[in-house]
Structure formats: C-alpha cells, structure tokens
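# Per-entry structural report
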Amino acid sequence: MFNAVLFAQTIQAVTPILLAALAGVLCDRAGVFNIALEGQMLIGAFCAIAGTWATGSVAGGLLVALAGTMAFSAILAFGSTWFRGDPIVIGIGLNLLASGLTAFLLRILFGVSGVFTDPTMQDLPRVVLPRIAAVPWFNRVFGSHTVLTWAAWILVAVIAVFLFRTVWGLRLRGVGERPDAAETLGAGVARIRIAAVLAGGALCGLAGAQLSLGSVTLFAEDMSAGRGWIAVVAVMLGRGHPVGVALACLLFGFADAAGLRLQGRGLPNQLTDMAPYVITLVALVIARGRRRRGAVA
C-alpha cells in the first residue's frame, strides 16, 4: 500500500489542486474570496485540449488555456470591483456557466458529447532529472511527472517570496487587509484586485491543462470533479499562506491516491471516491475546533 507508486500518484493528484489553490491564495490576499476555482479549472482544461487540437502543439494549448481562463476570470475581476458585485454570487454563477459552456462548446466544436479525445494530440512533456533517475525508488516517485508538476512547487516558493518579501506583495496584502487605508495611500485597490484575480485565472488555466493534458489527453464534461472546491478548502486550512496551503493540498492528494489504490484492491469506487471529500470535512472540523479553542484562550 505505502510504496513508491502511492507517493507518485499523490504528487500527480496534488498538482491541479495546488495550482488552483495558489490562485485562491492570491485572490484571498487581495480581499476577493474566489469560489469560482472549480469553473476556472474546467475552462482551462477545455481550452488546453481545444488549443492543442487546433494548433497541433502542447505549447499552443497552454497559451490558449492561459488566455481563455484569464478572459473567463475577468468576469469575476471586474464584476467584484468596478461593478461592486458579490464575489460569492459571481463565483457560483461562473461555476454553473463553466459547466454548461464547456458542454455546449464540446458539441459545437467537436460534434461529440461527454468526452473528446484525439490520438494525434500530444500530452505535457515529462521532466527527467538524471541524478534522481539513477536511484530506483526516487525515480519511481519523481521520474515521470509533467513540467507543470515541478512548476507548481516552484510557484509555491515564488508566491511566498512575492507576498512576504516584496513591495508589491505588501501592497497586495494591504489591499486585502485594509482596503480603505491602501486606497488612501494611493495603492489602487481595484487595479490590484483585478490583477490578482487575473493572475489566479492564469494559474487555474495551468491547473486545467494538467487535468486534460497531464496523465490523460482528453476532455470530459465536468472533469474537474470537485477539485476546485477542495482547493478553496485548502486555502482556508492553510490560512492563505502558500506553504500551509501546499501542505493541505498534499493531504487531499494523498487521500485521492489512497482511494485509487483501495479501489484497485476491490473496494467499491463509490466509497473510494469519497475519500478526499471526507478528509476535507474532517480537516475543516478540526481546524474550526482549534480556532474556537484559540479564541477562548
């Protein structure tokens, strides 16, 4: 059960959740509670497949995923700032829109429903590290991951440094914590929030690309399968800190991978598919209990 394959599957399962959760961190620090991560990830997955199919290259698919998801995220960015809409209401609407829009475009562009795949499409390139490949156990765990998997963990460090060691990160956090004071100092609250949401959209585009071009090369309706909601919970559990959020994502990824392994051992898939969501609820209850005890103390 606890072998190299399980840890490799955990890292693979973590990647889209982690990228989406980092998007949530940027939005949360800017004062925009983004619950549209699920829909943004789904749009990214569709755009990645459509872009790869249209351009014939994975690089083209990634660019289309970035552009498409940022454009989709602009609804939340401008709706919650210039038009002063409720970001939660907008986010719920975006999740519903993404589900319906991708199903509609699947029929319009490809003439199919449910699933689209093309054997001529390439998947994301794999990164091979020679020194790791020379050690069998490490090679089985780390030797077959996509470029986006490595990029996700690099981005954890980059975003942490940006938020807590740069002037722009300080301004972003100031906008989220004290928007009135930041506006008085000329920080430009609306501009910074729009930039944060659009940057989060780009990260969700990468998360979607990992889903549709990572371990498989296809698009299926609603293939995000609740990962965006798990990313929202990871942001809450990690309290908006990239490192804490990454650790929360590891917990959920491990639960997902363990569920798959248990399914292979004969357990019903209805039970194993529940594993990440049960872990999510348990983690929320524990975190809530600790916060209550801390408040009482």
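Computed from a prediction, not measured in an experiment: that's the story for all the values here. (Residues numbered from 1 in each chain as written. Predicted model: local features only at pLDDT ≥ 70, side-chain atom pairs only at ≥ 80, totals over all residues. Heavy atoms only, no water.)

## A look at helix α4 (residues 87–110)
With 24 residues, α4 should cover 34 Å at 1.5 Å per step; its first-to-last C-alpha distance of 33 Å lies within 8% of that length. One side-chain oxygen of the residue at the start of α4 lies 2.9 Å from the amide nitrogen of I88, identifying that residue as D86. A positive phi of about 70 degrees marks G111, the residue just after α4. (Helix = DSSP H or I, 4+ residues; strand = E, 2+ residues; numbered from the N terminus. Expected span 1.5 Å × (residues − 1). Polar contact = N/O pair within 3.5 Å; in protein donor to acceptor, adjacent residues only side chain to side chain.)

## Topic: the environment of A257
Summarising the element assignment, A257 is placed in helix α12 (residues 242–264). Considering only alpha carbons, one finds A257 and G39, 218 residues apart in sequence, at a separation of 23 Å. Not counting residues within four places of it along the chain, the set of residues in contact with A257 comprises L6, Q9 and T10. (Contact = heavy atoms within 4.5 Å.)

## Some thoughts on the packing of helix α7 (residues 147–165) against helix α8 (residues 167–177)
Two elements in contact, α7 and α8, have axes whose closest approach is 5 Å; the angle formed by their N-to-C orientations is 75 degrees. In terms of orientation, α7 lies roughly perpendicular with respect to α8. Residues F162, L163 and F164 of α7 touch α8, and the partners they reach there are W168, G169, L170, L172 and R173. Class assignment for the residues of the contact of α7 with α8 results in 6 nonpolar, 1 polar and 1 charged. (Axes fitted to C-alpha atoms, helices over the stretch in contact; angles between N-to-C directions. Parallel < 35°, antiparallel > 145°, perpendicular 65-115°, else oblique. Nonpolar A, V, L, I, M, F, W, Y, C, P; charged D, E, K, R; others polar.)

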